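Fold and geometry: a report
Below are the chains, spelled out letter by letter.
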Amino acid sequence: MQEVGKGSDRGDSPETVGPWDFGELDPEEEDCGDWVYTEKMIYMPHTYFVNDHRQGFREDEDLCSTGADPESVWQAERAVRWRMRRSVFPQLSDDAFIFANFNQLYKIDPALFRMWLRILERAPRAIIWLLRFPAAGEQHLRRVATEWSGPEVASRVVFTDVAPKHVHIKRGCVADAFLDTPECNAHTTAVDILWSGTPVLTWPRHEHKLCSRVAASVVCATGRGREMVVGSADEYVERAVEWAHTATHRYIAGEGEGEERVRVSIGPAADLRRDLFLARDQSRLFDTQRWTRNLERGLEEAWRRWTTGEDDPPPLAASSDSDDDADGGGGGGEQHSKQRWAERIERRLLANRSSRRPSV
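Residues numbered from 1 in each chain as written. Predicted model: local features only at pLDDT ≥ 70, side-chain atom pairs only at ≥ 80, totals over all residues. Heavy atoms only, no water.

**Describing unusual backbone geometry**
Test applied: Only DSSP runs of H or I covering at least 4 residues are called helices, and only runs of E covering at least 2 are called strands; the numbering of each starts at the N terminus.
In this structure, the amide linkage connecting Phe-133 to the following residue, Pro-134, adopts the cis form with an omega of 10 degrees. Relative to the assigned elements, Pro-134 resides in the loop between strand E4 (126-131) and helix H5 (137-154).

Put into structure tokens, the structure is as follows:
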């Protein structure tokens, strides 16, 4: 038995098929054969990836506990981000756009690194921030960047040391956008970055390769997958360049008397950051209790089917998108939601079989 995350944006009709749908491919399609999976699947309604960031990495608890309005929380977060940016990159110009990737360096294949260099070539105010993870990889990437794109572009590939977990999560907000690795995505790192509010740009490159679709499942669980998931290498580069080119900034006064001015980012990536940060507590991605209840229902249904001998039932859904049902509604509502969810999956299967996916 395997868990499979359903990664579409909330509100998409089951018939809608786009690059953001790669996180919810149905592995039991007839034309896949037994070489994919022989097990029965439990379909998690939002994402298969479970986390506990809302409880374990809450850094704005004091503000939230005082009942501060969202704008006050956001203003405080912007000030923290600006101070941390100045601390991590004291020599960086204020108009620089920071792309980041905190994965281990083995996930960077030559084709992807060339894409990143293309982005830097077309976005002269941008840098890409990588980790010495491992440290031995830095010299090799710098050498290749110089050979492929020249010393000026290579100088904008910036490395820092790996940080402790709590620092790593918090300083994720320093980046303007996270560039994912398509061959093997960010997994926990993608969730870390989204918790900080930073957008993640991902390309689920391989249709039947789970590690290439994880980030798509994760970002779609935020409800903003259309803005962060692309369907080709060219789209990946264009979206990143667009974010960098459209980014501007202004300064606002500090909160207290004598406080330095705070640089405020403006543009599509900045708008997405604000929305992601302020929606964290409502996001299905960070709702651990809901995820747990959905899995429990899936396991109970799997056990029921095992004990009753139902060998070839419809695809098994852990729960539905219904808030009432997911929050523990009555038995009648649960049965109704299961039927509705099964019908939705059936429509998705038909749509996937009849639609041509983007060539990647």
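**Here we look at the sheet that holds strand E6 (residues 177-179)**
Note the cut-off: Any two strands are treated as partners once DSSP identifies two or more bridges connecting them.
Pairing is parallel in the open sheet, where five strands are placed in the order E5-E4-E3-E6-E7. Whereas interior strands pair on both sides, the edge strands pair on one side only; in this sheet they are strand E5 (157-160) and strand E7 (200-201). Strand direction decides the pairing type here: E4 and E5, joined by four bridges, are parallel. Residue pairing for E5: Trp-129 is matched across the bridge by Val-158.

**Side note on the side chain of Asp-192**
Stated precisely, the cut-off is as follows: In protein, a polar contact means a hydrogen-donor-capable atom and an acceptor-capable atom, both N or O and within 3.5 Å, with residues adjacent in sequence counting only if both atoms are side-chain atoms; elsewhere, any N or O pair within 3.5 Å suffices. Pairs of residues are marked as contacts when any of their non-hydrogen atoms sit within 4.5 Å.
Of note, Asp-192 is situated in helix H7 (residues 188-195). Of note is the side chain of Asp-192, whose polar atom sits 2.6 Å from the side chain of His-53. Here Asp-192 is in contact with His-53, Lys-165, His-168 and Ile-169, once residues within four sequence places are set aside.

**Concerning empty space enclosed by the protein**
If a probe as big as a water molecule is rolled over the atoms, it shows which places are left empty. Under the convention used in this document: Grid spacing is 1 Å over the protein atoms alone, the probe is 1.4 Å, and a cavity is where that probe fits but cannot get out, while a pocket is an open set with protein on both sides within 12 Å along at least five of seven lines and lining residues have an atom within 4 Å of a point. Grid points are joined across faces, edges and corners, and a volume is the space filled by probe spheres set on the points.
A complete count under the given rule lists five cavities of 30 Å³ or more for this structure. Looking at the lining of the largest cavity, the elements that each hand over two or more residues are strand E8 (248-252), strand E9 (262-266) and helix H11 (268-278).

**A closer look at the confidence of the model for the protein chain**
For clarity, the cut-off: For every residue, the predictor states its confidence as a pLDDT score lying anywhere from 0 to 100.
Residues at a pLDDT of 70 or more form 72% of the protein chain, whose mean pLDDT is 82. Low confidence marks residues 7-25, where pLDDT is under 50. Its contacts with residues over four positions away, or in another chain, come to 65 contacts. Low pLDDT, under 50, characterises residues 355-360; the predicted model gives this stretch 14 contacts beyond four residues in sequence or across chains.

**A closer look at helix H10 (residues 233-245)**
Going by this rule: Expected span of a helix, by definition, is 1.5 Å for each gap between consecutive residues, and there is one gap fewer than residues. Relative accessibility thresholds used throughout: buried, under 20% of the residue-type maximum; exposed, over 50%; partly exposed, between the two (1.4 Å probe, protein chains only).
Counted at 1.5 Å a residue, the expected span for H10 with its 13 residues is 18 Å, and the 18 Å between its end C-alpha atoms agrees. Buried residues of H10: Tyr-236, Val-237, Arg-239, Ala-240, Val-241, Trp-243 and Ala-244, and no others. Elements in contact with the buried residues of H10: strand E3 (97-101), helix H4 (110-122), E6, E7, helix H9 (225-228) and H11.

**Observations concerning the nonpolar core**
Test applied: Residue types Ala, Val, Leu, Ile, Met, Phe, Trp, Tyr and Cys, when buried and joined through side-chain atoms within 4.5 Å, form a set referred to as a nonpolar core.
Grouped together as the largest cluster of nonpolar side chains are 68 residues, with contacts concentrated most on Phe-97, Phe-99, Trp-116, Ile-119, Leu-179, Leu-194 and Tyr-236. Top contributing element to this core by residue count: H4, with seven residues. In contact with Trp-116, not counting residues within four places along its chain, are Asn-101, Ile-108, Ile-128, Leu-130, Leu-179, Asp-180, Thr-181 and Tyr-236. If you look at the next biggest cluster of nonpolar residues, it comprises five residues, including Met-44, Trp-291, Leu-295 and Ala-318.

**Brief notes about the packing of aromatic side chains**
Convention followed: Think of it this way: a Phe, Tyr or Trp ring, Trp meaning its six-membered ring, pairs with another when their centres are within 6.5 Å, and the plane angle makes it stacked under 30 degrees, edge-to-face over 60, tilted otherwise. Charges are assigned to positions over rings by a cutoff of 6 Å between ring centre and Lys NZ or Arg CZ, combined with an angular limit of 35 degrees from the ring normal.
Counted by the stated rule, this structure contains eight aromatic pairs. For the ring pair Phe-113 and Trp-148, a centre distance of 6.4 Å and an interplane angle of 50 degrees mean the geometry is tilted. Linking Phe-113 in helix H4 with Trp-148 in helix H5, this pair joins segments that are 35 residues apart in sequence. On the basis of relative accessibility, which here comes to 3%, the residue Phe-113 falls in the buried class. Using a relative accessible area of 41% as the deciding quantity, one classes Trp-148 as partly exposed. Taking the ring centre of Trp-195 as reference, the NZ or CZ of Arg-280 above it sits at 3.8 Å.

**So, the environment of Leu-112**
Considering the arrangement of structural elements, one finds Leu-112 in helix H4. Taking relative accessible area as the criterion, Leu-112 reaches 1% and is therefore assigned buried. For the pair Leu-112 and Asp-180, spaced 68 residues apart in sequence, the C-alpha to C-alpha distance is 9.5 Å. Not counting chain neighbours up to four residues away, the residues in contact with Leu-112 comprise Lys-107, Asp-180, Thr-181, Pro-182 and Tyr-236.

**A look at the pattern of salt bridges**
The following threshold applies: For salt bridges, the criterion is a side-chain nitrogen of Lys or Arg within 4 Å of an Asp or Glu carboxyl oxygen.
In total, this model carries 23 salt bridges according to the counting rule given. Between Arg-274 and Glu-71 there is a salt bridge, with its nearest N and O atoms 2.8 Å apart. Taken as a pair, Arg-274 in helix H11 and Glu-71 in helix H3 (residues 70-88) lie far apart in primary sequence, 203 residues in all. A relative accessible area of 28% means that Arg-274 is categorised as partly exposed. Of the residues examined, Glu-71 reaches a relative accessible area of 31% and is grouped as partly exposed.

**Some words on the packing of H4 against H5**
Note the following rule: Here an angle of 0 to 180 degrees is reported between the N-to-C directions of two axes, which are lines fitted to C-alpha atoms, with helices fitted over the stretch in contact. Convention used here: angles under 35 degrees read as roughly parallel, angles over 145 as roughly antiparallel, angles from 65 to 115 as roughly perpendicular, and any remaining angle as oblique. What makes a crossing left-handed is the near helix being turned counterclockwise from the far one by less than a right angle; a clockwise turn instead makes it right-handed. In this classification, Asp, Glu, Lys and Arg are treated as charged, Ala, Val, Leu, Ile, Met, Phe, Trp, Tyr, Cys and Pro as nonpolar, and every other residue, Gly included, as polar.
Contact geometry for H4 and H5: axes closest at 11 Å, N-to-C directions at 25 degrees. Relative to H5, the element H4 is oriented roughly parallel. Note that H4 runs across H5; the crossing there is right-handed. Across the interface between the two elements, Pro-110, Phe-113, Arg-114, Leu-117, Leu-120 and Glu-121 of H4 pack against Leu-141, Val-144, Ala-145, Trp-148, Ser-149 and Val-153 of H5. Tallied by class, the residues present in the contact of H4 with H5 amount to nine nonpolar, one polar and two charged.

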